[in-house]
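# Residue-level structural notes
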Amino acid sequence: DFDHVVEALLNTSVDLDSLELDSVLEEKWIKEVVTRSGMKFRWANLSEKKERPNRDIHRRPPADPSHLVPRPPVVTIMGHVDHGKTTLLDSLRKSQIVSTEAGGITQHIGAFLVQLPSGEKITFLDTPGHAAFSSIRARGTNATDIVILVVAADDGVMNQTVESIQHARRAAVPMIVAVNKCDKPQADPQRVKQELLAHNVVCEEFGGDVQAIHISALKGDNLLALAEATVTLAEVLELKAEPTGLVEGIVIESRTDKGKGPVTTAIVQRGTLKRGCVLVAGKSWGKVRFLFDENGKVVTEAGPSSAVEVVGWKELPSAGDVILEVESEQRAREAVEWRMYEEEQQKLQEEQSVIELKQKVHLEEYRRERAELAHLSWKQRRSALYQVNKTRFSLRTSERTERERLSLPLIIKGDVDGSVEAILNILDTYDAQQQCEMDVVHFGIGDVSENDVNMAETFRGSIYGFNVGASSSVRQLATKRGVPLHLHSVIYKLVDQLKDELSSKLPALL
Ligand code: GDP
């Protein structure tokens, strides 16, 4: 396991430059070793040196038109809340036009297939509303060919109706209007179509090209006409796909099943999915062990526009992830590793730029403070420091921690004014490294007190005393609180130790 490997690596002498990094995991181990051993090593160098070849995979170029065959449309139902989307999906699923065998238990897998008496097929995505539609759209792909816009005839066009129209339009997906609840006495389908005009949805009877079907989702009236209208539109759209070659598809739902493990519902967009196919989706891959339809029946293959449950993933992909078939497991692993590596690189880069920005801000602030203090006598400086520290206390913990990481907070105690001033003067002239600055938070005359320890603890700083003592209770307190306490009687030794401590705090480990 991780700890064992890290432990083992810690006990070997490794030449980091000569290491061949084969996987993201190994990088993690080495990173951990570097951190734990306290080696001064800039992680960024390693990544630069071991630039990986890009082994990502992408969709194939468009197919040769002669390889294309017609495919069924994939349809999403949208509309205002309570206008009958769920009811419509339920009736479509249950109605006689549905391919479900009598007595079959329909499961929710995110999509289902409807077969018309004419033999035509339609795949319905059965997560109503724009949530699913948008989340998949947001990731750059359309899983949908046609939107059925449900508008209740007794309610008319409402805000989510308008939003649905906008969604469909932005995605350039054509619409069919299902004027629902036409069984209701107060239903006014004409009004619905008129209201739609205001949103540039022009139904056929107004000279437009949008089909509007009057239905009752509840009673199941006119569902066949709605399905036929969908097929007609699909014919106009000339939906085609290549049924051969490496599979391409999209994840529309994913979940972890107690028995089956990570399971996704996939819409096949190209090729034919079969058992044994090796697939990559997002940062996970898998070898298809089983395919199921919405009736929980095992399917042997799934061609373009079919929705199937795919079992065999190593990890759970997310809805909207593009599914791509690859020739081998090795290729799948490479692609996933590349994607993980790339993500890590991106994260590192982002972290790095945040750190750099903060360093810059803090250093500037620190230099300004120091410059302001420089011309003061040391007694004036003490009261000025007091003010500065008060502000610093009011910083949020996270800001304070960041500042602490970049500086070495110091408390200086001396036997007389002159010695304290001498130390401060030496520190002022000491040209601190870029990354880490000394930060004198307090100085004074006399033995190290409990108050000094408390202060050092608060700033996570160190105490340096010159020619002063510390009572045993103060020493104990310092040990207990983890506050470094250094007492010296030779100034240059004090300064040397200080420089050592300073360089040990340099943020060399990223
Ligand atoms: P959704 O929020 O769009 O999914 O709407 P639902 O399908 O949940 O329907 C909301 C309500 O309208 C429910 O009480 C349904 O029974 C009712 N409803 C849906 N379709 C019809 C219909 O065609 N006729 C009538 N009378 N009621 C319907």
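What counts as what
- Counting of residues starts from 1 at the beginning of each chain's written sequence and follows it residue by residue.
- At least 70 in pLDDT is required for a residue's local features to be given in this predicted model, at least 80 for side-chain atom pairs to be given and counted, and no such filter applies to totals for whole chains, interfaces and linings, which use all residues.
- Only hydrogens and water are set aside when side-chain values are computed; all heavy atoms of the structure are taken into account.
- Numbering of helices and strands runs from the N terminus, with a helix taken as a DSSP run of H or I at least four residues long and a strand as a DSSP run of E at least two residues long.
- The cut-offs for exposure are 20% and 50% of the maximum accessible area for each residue type, with area from a 1.4 Å probe on protein chains only; residues under the lower value are buried, those over the upper are exposed, and the others partly exposed.
- Only heavy atoms enter the contact rule, under which two residues are in contact if any of them lie within 4.5 Å.
- A 1.4 Å probe and the Shrake-Rupley method give the accessible areas. Residues count as covered only by the protein chains that appear here.
- In this scheme, strands are said to pair when DSSP sees at least two bridges between them.
- Note on method: axes are straight lines fitted to C-alpha atoms, helices fitted across the in-contact stretch only, with angles between N-to-C directions ranging 0 to 180 degrees.
- Convention used here: a crossover is right-handed provided that the path from the first strand, over the helix, to the second strand proceeds clockwise when the strands point away from the viewer.
- For every residue, the predictor reports its confidence as pLDDT, a number between 0 and 100.
- Throughout, nonpolar core names a set of buried Ala, Val, Leu, Ile, Met, Phe, Trp, Tyr and Cys residues whose side chains join them through atoms within 4.5 Å.

### A short note on the overall build of the protein chain
On a plain count of helices and strands, the protein chain comes out with 15 helices and 20 strands. Here the protein chain, with 510 residues, has 46% of them falling under the buried criterion. Considering only residue pairs separated by 6 or more positions, the protein chain has 73% of its internal contacts joining residues 24 or more positions apart. When the accessible surface of the protein chain is totalled, it reaches about 25,400 Å², and 51% of it is carbon and sulfur.

### Overview of the sheet that holds strand E13 (residues 284–292)
What the six strands build is a closed barrel, ordered E9-E10-E15-E13-E12-E16; its pairing is antiparallel. In this sheet, neighbouring strand axes are inclined to one another by 50 degrees on average, regardless of whether the strands run parallel or antiparallel.

### Some words on the pairing of strand E20 (residues 485–488)
Every second residue of E20 is oriented toward a common face, the buried set being His486 and His488 and the non-buried set Leu485 and Leu487. Pairing of strand E19 (residues 462–466) with E20, which is carried by four bridges, proceeds in the parallel orientation. Its bridge partner lying in E20, Ile463 is registered against Leu485. Regarding topology, helix H14 (residues 472–481) serves as the crossover connection from E19 to the parallel E20, and that connection is right-handed.

### Focus on the pairing of strand E2 (residues 74–79)
Counting buried positions along E2 gives six out of six residues, so the element sits mostly inside the fold. Residues Val74, Thr76 and Met78 line one face of E2 and the alternating positions Val75, Ile77 and Gly79 line the opposite face, and both faces are buried. Of the pairings in the sheet, the one linking E2 to strand E4 (residues 121–125) comprises three bridges and is parallel in character. Paired with Val74 across the bridge in E4 is Thr123. By the bridge criterion, five bridges tie E2 to strand E5 (residues 146–152) in an arrangement that is parallel. For Met78, the partnering residue across the bridge sits in E5 and is Leu149.

### Examining the confidence of the model for the protein chain
Should the pLDDT be low somewhere, the predicted coordinates at that spot are not to be read in detail. A residue-level look at the protein chain finds 71% of positions with pLDDT of 70 or above and a mean pLDDT of 80. Within the model, pLDDT remains below 50 along residues 97–104, and this stretch shows 19 contacts once partners closer than five positions in the same chain are excluded. A low-confidence stretch, residues 393–397 stays under pLDDT 50, and its non-local contacts, those more than four residues away or across chains, total four contacts. The complex prediction reports pTM at 0.63, with the ipTM value standing at 0.99.

### Re the nonpolar core
Grouped together as the largest cluster of nonpolar side chains are 26 residues, with contacts concentrated most on Ile77, Leu88, Phe124, Ile148, Ile176 and Leu226. Elements with a contribution of two residues or more to this core: E2, helix H4 (85–94), strand E3 (111–115), E4, E5, strand E6 (175–180) and helix H8 (223–237). The greatest single-element share of this core, amounting to seven residues, is contributed by H8. Excluding anything up to four places from it in sequence, Leu88 contacts Ile77, Ile148, Val150, Ile215, Ala217, Leu223 and Leu226.

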